[in-house]
Amino acid sequence: FFQYCLSGHPTLPCNVLKFKSTTIMLDCGLDMTSTLNFLPLPLVQSPRLSKLPGWVLKDGSTFLDKELKECSGHVFVDSVPEFCLPETELLDLSTVDVILISNYHCMMALPYITEYTGFTGTVYATEPTVQIGRLLMEELVNSIERVPKAQSASMWKNKEVQRLLPAPLKDAVEVSMWRKCYTMPEVNAALSKIQLVGYSQKIELFGAVQVTPLSSGYALGSSNWIIQSHYEKVSYVSGSSLLTTHPQPMDQASLKNSDVLILTGLTQIPTANPDGMVGEFCSNLAMTVRNGGNVLVPCYPSGVIYDLLECLYQYIDSAGLSSVPFYFISPVANSSLEFSQIFAEWLCHNKQTKVYLPEPPFPHAELIQTNKLKHYPSIHGDFSNDFKQPCVVFTGHPSLRFGDVVHFMELWGKSSLNTVIFTEPDFSYLDALAPYQPLAMKCVYCPIDTRLNFIQVSKLLKEVQPLHVVCPEQYTQPPPTQSHRTDLMVDCQPPPMSYRRAEVLTLPYKRRYEKIEIMPELADSLVPLEIKPGISLATVSAVLHTKDNKHVLQLPPKPAQPPAGKKRKRVSDDVPECKPLKPLLSGSIPVDQFVQTLEKHGFSDVKVEDTAKGHIVLLQEAETLIQIEEDSTHIICDNDEPLRVKLRDLVLKFLQKF
Amino acid sequence: GAGQDVGRSCILVSIAGKNVMLDCGMHMGYNDDRRFPDFSYITQNGRLTDFLDCVIISHFHLDHCGALPYFSEMVGYDGPIYMTHPTKAICPILLEDYRKITVDKKGETNFFTSQMIKDCMKKVVAVHLHQTVQVDEELEIKAYYAGHVLGAAMFQIKVGCESVVYTGDYNMTPDRHLGAAWIDKCRPDLLITESTYATTIRDSKRCRERDFLKKVHETVERGGKVLIPVFALGRAQELCILLETFWERMNLKAPIYFSTGLTEKANHYYKLFITWTNQKIRKTFVQRNMFEFKHIKAFDRAFADNPGPMVVFATPGMLHAGQSLQIFRKWAGNEKNMVIMPGYCVQGTVGHKILSGQRKLEMEGRQILEVKMQVEYMSFSAHADAKGIMQLIRQAEPRNVLLVHGEAKKMEFLKQKIEQEFHVNCYMPANGETTTIFTNPSIPVDISLGLLKRETAIGLLPDAKKPKLMHGTLIMKDNSFRLVSPEQALKELGLAEHQLRFTCRVHIQDPRKEHETVLRVYNHLKGVLKDYSVQHLPDGSITVESILIQATAHSEDQGTKVLLVSWTYQDEELGSYLTSLLKKGLPQSST
């Protein structure tokens, strides 16, 4: 049982589990923080960005000035943004049998895995995960493809060159592995390999392993996974939430009795309370708009945005914002809003009840109907006609490196009336803003991360009591910026086993049993014997059949009758074919009773001698000697088979067979 | 219920000590006691909750759930009731509708109330498709897509390794708004299947649709009115989609109406539960929601008297009450008009009467209604036909089949066909009858990995074709069964092994020296026992596997050697064989 760790990002995990005879990939998250090293992709020609000076080395050499640009003391790569893929060298990924996806954020590397590694297996995910994951991928591909960039920088990646660069470029890991974005055909090919599953559905893999998705409470269709055989249970906990937002609550009970619990996807902002952040979000938004400024909310097209819209739905009238237009701009905005309304079965109880009425589960349907919320595929087209300020714009990408958000940063960045509010926790907001500096607009950081915090984790672990916990190394020490906060780490007994990128862990458990089925005919033939009160034994001699990793015991075939007119026997014909094994014996032989039995069976000259360890029973006439000790009996006789067999059977009467 | 009959589906299954009630329907053909199942079959005087482990509802049609509030609130049941989400959403609305017609219109008393419907629905647990629901430690259920109406499901009920599949109503061919029923090869001990169309092999759906459209079109062209009695949910949406696309394509202007306020609501359910419809609708719903109709408008009672052609969908579907019956009475006298019955009609309903050719109907108050309008029957019920039923049996591979929800004569025919083709027993009990089915389950036990590995290692030998015997000891303790090696069994029980050893003296005539005799014995054994490990040890003894042979000189007779052959009880066969082999003496050696 091994775990191959292919990603170093604790919330965008990618692990491969070798469990029994199957190879299971758990999530394939795509680390997009690498894009922060690149210049933004502007939708409209940006004079500011195109005028940025090329970067010059300390020694004055300028050979990198086409690839690297400097902005307010930071250096950026002027190229199509690239992503940091999961490790592909640690093991042959074409041997992966299945990929289990826990939520739509953790599947963004899927096309790289399924289309480039020779992968031939199946991917399992819930329907909302697939549908929304598709939207996220579509948005990503769209926002990168619609700004074609002639230049593709690669010189800076040279190891010798990279050493000379300023941080953070100097310290960027695995830059040679960074890849450009995939294409829509690749996305479609990857998604076609997904098989849809429902919560608590038991999926058999090769008869050896059963996997089951459980609700994780974090996002629409998000799941934790149970990977188990009859005797081992691994729980994979990834991106879970105990807060009541829109998804179905987390299923904790089913995680009990795990041998190993793999813990990933905890909150990235353990010190922030999501409820408080939502409050701050609303008040900052209201203040800006009241002062005549615009609000920009960089966000993903699905997830927290539903909750934010719901809060605003309740808030805008009381805050006097009913006349302020809300715009949601994304190539998948419409689809995301529509899809959110059709997954009744994956929603929390309150929302489900609404569907039963029947009413749309999310109130953004009403915001759209009353024209308070408008959605557009991009800033081009209808939007430019409808656009009124001051307004609130929700748009992507949260990294501020591509998507329509780049345009609004350029447009609104110069005025201190405007505010950009960061709600997505995946990117450091300071790093995200770096290529836009100097900025006049206000920046508010209200990260909303509903995933488990360390207090909830320790509660959860106490509740479900796994034998061992495995987690990314980041969770075994306090965050680097808050090294005194020893409460901000996973605390359990025994201490968690930690992993880092490109490491292989041996998981600590030992199997002792396997399931086998006894066929009814064989079961009928068994003769159980009560050995102790409540404990019965039966010796089993049977034929073992193994097929598709399932074991079955059958009645042994009846020995073939020798043909009637058998002529001459050769000596070797008699050699026993397969040795029918005799049972083990246990018990002891009471000498007095044994002698009585012998006499009853016609032995008249029985003599008993005592020895140090037991007795010797002599049958004088037969020249036979039987040594009886506490746990052994030795019959020494002439080669008189009938006699020996008779004595044997008499001895066996006193012993139990196993 | 539903035994050799269509209506009040209600089946009680006892499996491995668990009791599960499948569906709880009403009968459309009766207005007396017979409209509900007879729950006294379950228990005469005890509480139903004590006797039943759970109730499962397959879909929202009233002949499958119409008695549920009566059962849970009036007879009394507090245990869990399982159904899918769409069924849970829609079922209370149909129940309320049914209650209104019965109590408010027909003025019946002693019927369930609105509050009872609400209380009943509180006991409902919604299940996802393919989710394994653990009802208790042993009993689990799992829903499969049935494609009959929105949210219709087949259910697998499983206890240990015994299982039953109940199909409810299902459809094996995808239609315009639903997908086809699907189940995996789950090999249940018993498959309980509906058999509404046990003897019908329906012509292709396309033909039926074309026929339907042609008839509607012709009637409208000559200025007639078309009445299509439907139930608010199910076929109605299917036919609406069909007419909507036809009207669009042919650019027709005649109005299409849909009666009752339920409809708009009904379509809303389809929009919100779009994941339960077929692939095509799901794929395109963002661009165009198939349940937003352009040509189909809400019906007002006054429209029935409007001149000119029109098409009206009206509820209920069997013309036994309500708006469809009212419109029917208005239009029946005109031969230009047409009524199209798109589904099955239960005996006793007006629908059944006109379909069987009756043209003079006695209505309330002894009034005679003469039916001059054209009467057409088009099977649009989303039930599997004979071919579909056989196909499902092939998919699931049950060991026994039981037919319900059909007519006895037709069942008889299907039963024969099933028994012939699949060689399984097929049953068709009438209401109140009990069918007992014997299962022969294998017994799952835990085998110690050591023992299994030892055995599979042997199984990997080149000679793997020969069946290998494995030996173990089954320890049975508090309902747990463990198969371990005999050694481990002894150890676990804290018992010592008792070794039984035999030593036989075999006399051999051989004048040679002892070590030469030993060598001869060794060569002899080596020659005979080719498949065994025969060894000559430095101390002068011979071993055959674990059997020890030593030679000594006879104390009195120099020409005789005594071979001491010693083995334990575990080597009994080989030991016994060796002594008899040696007793025959050694072959004459050439040396």
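Parameters at a glance
- Residues numbered from 1 in each chain as written.
- Chains lettered and ligands numbered in written order.
- Predicted model: local features only at pLDDT ≥ 70, side-chain atom pairs only at ≥ 80, totals over all residues.
- Heavy atoms only, no water.
- Helix = DSSP H or I, 4+ residues; strand = E, 2+ residues; numbered from the N terminus.
- Rg over C-alpha atoms; globule rule 2.2 N^0.38 Å.
- Buried < 20%, exposed > 50% of the residue type's maximum accessible area, 1.4 Å probe, protein only.
- Lys, Arg positive; Asp, Glu negative; His and termini not counted.
- Salt bridge = Lys/Arg side-chain N within 4 Å of Asp/Glu carboxyl O.
- Core = buried A, V, L, I, M, F, W, Y, C linked by side-chain atoms within 4.5 Å.
- Contact = heavy atoms within 4.5 Å.
- Domains from an automatic or database assignment.
- Buried area = accessible area lost by both parts, 1.4 Å probe.
- Polar contact = N/O pair within 3.5 Å; in protein donor to acceptor, adjacent residues only side chain to side chain.
- Nonpolar A, V, L, I, M, F, W, Y, C, P; charged D, E, K, R; others polar.
- Phe/Tyr/Trp six-rings, centres within 6.5 Å; stacked < 30°, edge-to-face > 60°.
- UniProt positions renumbered as here; feature names shortened; annotations may be inferred.
- Axes fitted to C-alpha atoms, helices over the stretch in contact; angles between N-to-C directions.
- Parallel < 35°, antiparallel > 145°, perpendicular 65-115°, else oblique.
- Pairing = 2+ DSSP bridges.
- 1 Å grid on protein atoms, 1.4 Å probe; cavity = no way out; pocket = protein on both sides within 12 Å on 5 of 7 lines; lining within 4 Å.
- Points joined across faces, edges and corners; volume = space filled by probe spheres on them.

1. Quick notes on the overall build of chain A
In terms of helices and strands, chain A carries 17 helices and 32 strands. A compact globule built from 658 residues should have a C-alpha radius of gyration of about 26 Å, whereas chain A, at 36 Å, is more than 25% larger. Considering only C-alpha atoms, chain A reaches an extent of 120 × 65 × 60 Å along its principal axes. Across the 658 residues of chain A, 56% fall into the buried class.

2. Points about the side chain of K225 of chain B
Within the secondary structure, K225 of chain B sits in strand β11 (residues 225-229). D305 of chain B provides the closest opposite charge to the buried, salt-bridge-free K225 of chain B, at an N-O distance of 7.8 Å.

3. Some words on unusual backbone geometry
If a residue is not glycine, its phi is most likely negative; likewise, a peptide bond is most likely trans. The omega angle of the peptide bond from L357 of chain A to P358 of chain A is 0°, so this bond is cis rather than trans. Residue position: P358 of chain A is located in the loop between α9 (349-355) and α10 (364-369). Despite not being glycine, A2 of chain B shows a phi value in the positive range, around 65°. Within the secondary structure, A2 of chain B sits in the segment before β1 (11-15). Note on A2 of chain B: relative accessible area 0%, which makes it buried.

4. Quick look at the nonpolar core
Within the largest apolar cluster, 276 residues are counted, with the highest numbers of intra-cluster contacts made by F394 of chain A together with F212 and F328 of chain B. Not counting residues within four places of it along the chain, the set of residues in contact with F328 of chain B comprises L227, L319, V339, V350, I354, L361, L369, V371 and M373 of chain B. If you look at the next biggest cluster of nonpolar residues, it comprises 48 residues, including I589, V595 and V651 of chain A together with Y569 of chain B.

5. Observations concerning the domain arrangement of chain A
Residues and elements named next belong to chain A. Under the domain assignment used here, chain A contains domain 1 (2-258 + 451-506), domain 2 (274-445) and domain 3 (585-657). Taken together, the contact pairs 48 residues of domain 1 with 44 residues of domain 2. Buried surface at the junction of domain 1 and domain 2, summed over both partners, amounts to about 3,700 Å²; 68% is from carbon and sulfur atoms. Joining domain 1 to domain 2, the criterion identifies three salt bridges. Across the pair D404 and R146 runs a salt bridge, and its minimum N-O distance is 2.7 Å. Scanning the region where domain 1 abuts domain 2 turns up 13 residue pairs in polar contact (both at pLDDT 80 or more). The set of elements that each furnish at least two residues to the side of domain 1 that touches domain 2 consists of α1 (47-50), β5 (74-77) and α3 (127-145). No other element matches α3, which puts 12 residues into the side of domain 1 that touches domain 2. Tallied by class, residues from the side of domain 1 that touches domain 2 come to 27 nonpolar, 15 polar and six charged.

6. Section: the packing of aromatic side chains
Counted according to the given criterion, the structure contains 38 aromatic pairs over all chains. Relative to F383 of chain A, the ring of Y376 of chain A has its centre 5.1 Å away and its plane inclined at 65°; by these criteria the two rings are edge-to-face. Classification of Y376 of chain A as buried rests on a relative accessible area of 6%. Judged by its relative accessible area of 3%, F383 of chain A falls in the buried class. Geometrically, the ring pair formed by Y98 of chain B and F112 of chain B is edge-to-face, given 6.2 Å between the ring centres and 65° between the ring planes. Linking Y98 of chain B in helix α4 (residues 85-105) with F112 of chain B in the loop between α4 and α5 (114-122), this pair joins segments that are 14 residues apart in sequence. For F112 of chain B, a relative accessible area of 1% corresponds to the buried category.

7. Quick word on the UniProt feature "domain: Beta-Casp" (unreviewed entry) in chain A
According to UniProt, the positions carrying the feature "domain: Beta-Casp" (unreviewed entry) are residues 305-433 of chain A. What you have in residues 305-433 of chain A is 39% helix and 12% strand, and the ends, taken at the C-alpha atoms, are 21 Å apart.

8. What to know about the packing of helix α3 (residues 68-76) of chain B against α5 of chain B
Residue and element names in this part refer to chain B. Running from amino to carboxyl end, α3 crosses α5 at an angle of 90°, the nearest separation of the two axes being 9 Å. Taken together, the axes of α3 and α5 lie roughly perpendicular to each other. Where α3 abuts α5, its residues L68, P69, S72, E73 and M74 lie against M116, I117, D119 and C120. Of the residues assigned to the contact of α3 with α5, the class counts are six nonpolar, one polar and two charged.

9. A few points about the pattern of salt bridges
For the coordinates displayed, the defined rule picks out 46 salt bridges over all chains. Residue E419 of chain B pairs with K415 of chain B through a salt bridge whose shortest N-O separation is 3.4 Å. Of this pair, E419 of chain B and K415 of chain B both sit in helix α13 (residues 408-422), four residues apart, roughly one helical turn. Since its relative accessible area comes to 29%, E419 of chain B is described here as partly exposed. Among the charged side chains, a salt-bridge network with shared partners connects E641, R644, R648 and D649 of chain A together with E572 of chain B.

10. Topic: the pairing of strand β31 (residues 632-638) of chain A
Of all seven residues in β31 of chain A, five are buried; the element is thus mostly enclosed. Bridge count for strand β30 (residues 624-629) of chain A against β31 of chain A is five bridges, and the pairing is antiparallel. Looking across to β31 of chain A, one finds that Q627 of chain A is bridged to H634 of chain A. In this sheet, strand β24 (residues 499-509) of chain B lies alongside β31 of chain A in parallel orientation, the contact comprising seven bridges. By the bridge assignment for β24 of chain B, D638 of chain A is matched with R505 of chain B.

11. Examining helix α10 (residues 322-331) of chain B
When we look at burial in α10 of chain B, the residues that qualify are Q323, S324, L325, I327, F328 and W331 of chain B. Summarising the contacts, the buried residues of α10 of chain B are in contact with β11, β14 (310-314), β15 (338-341), α11 (350-355), β16 (360-362) and β17 (368-370) of chain B.

12. Observations concerning empty space enclosed by the protein
Residues and elements named next belong to chain A. Under the criterion given, the structure shown has three cavities of 30 Å³ or more. For the largest cavity, the calculated volume is near 200 Å³. Taken together, 20 residues form the lining of the largest cavity, with H105, Y218, V304, E424 and T450 sitting closest to its centre. Of the residues assigned to the lining of the largest cavity, the class counts are eight nonpolar, seven polar and five charged. Looking at which domains feed residues into the lining of the largest cavity, each of domain 1 (2-258 + 451-506) and domain 2 (274-445) supplies at least three. Estimates place the volume of the second largest cavity at around 150 Å³. Taken together, 14 residues form the lining of the second largest cavity, with M32, H105, Y300, H397 and D426 sitting closest to its centre. Among the residues making up the lining of the second largest cavity, the classes are represented as eight nonpolar, four polar and two charged.

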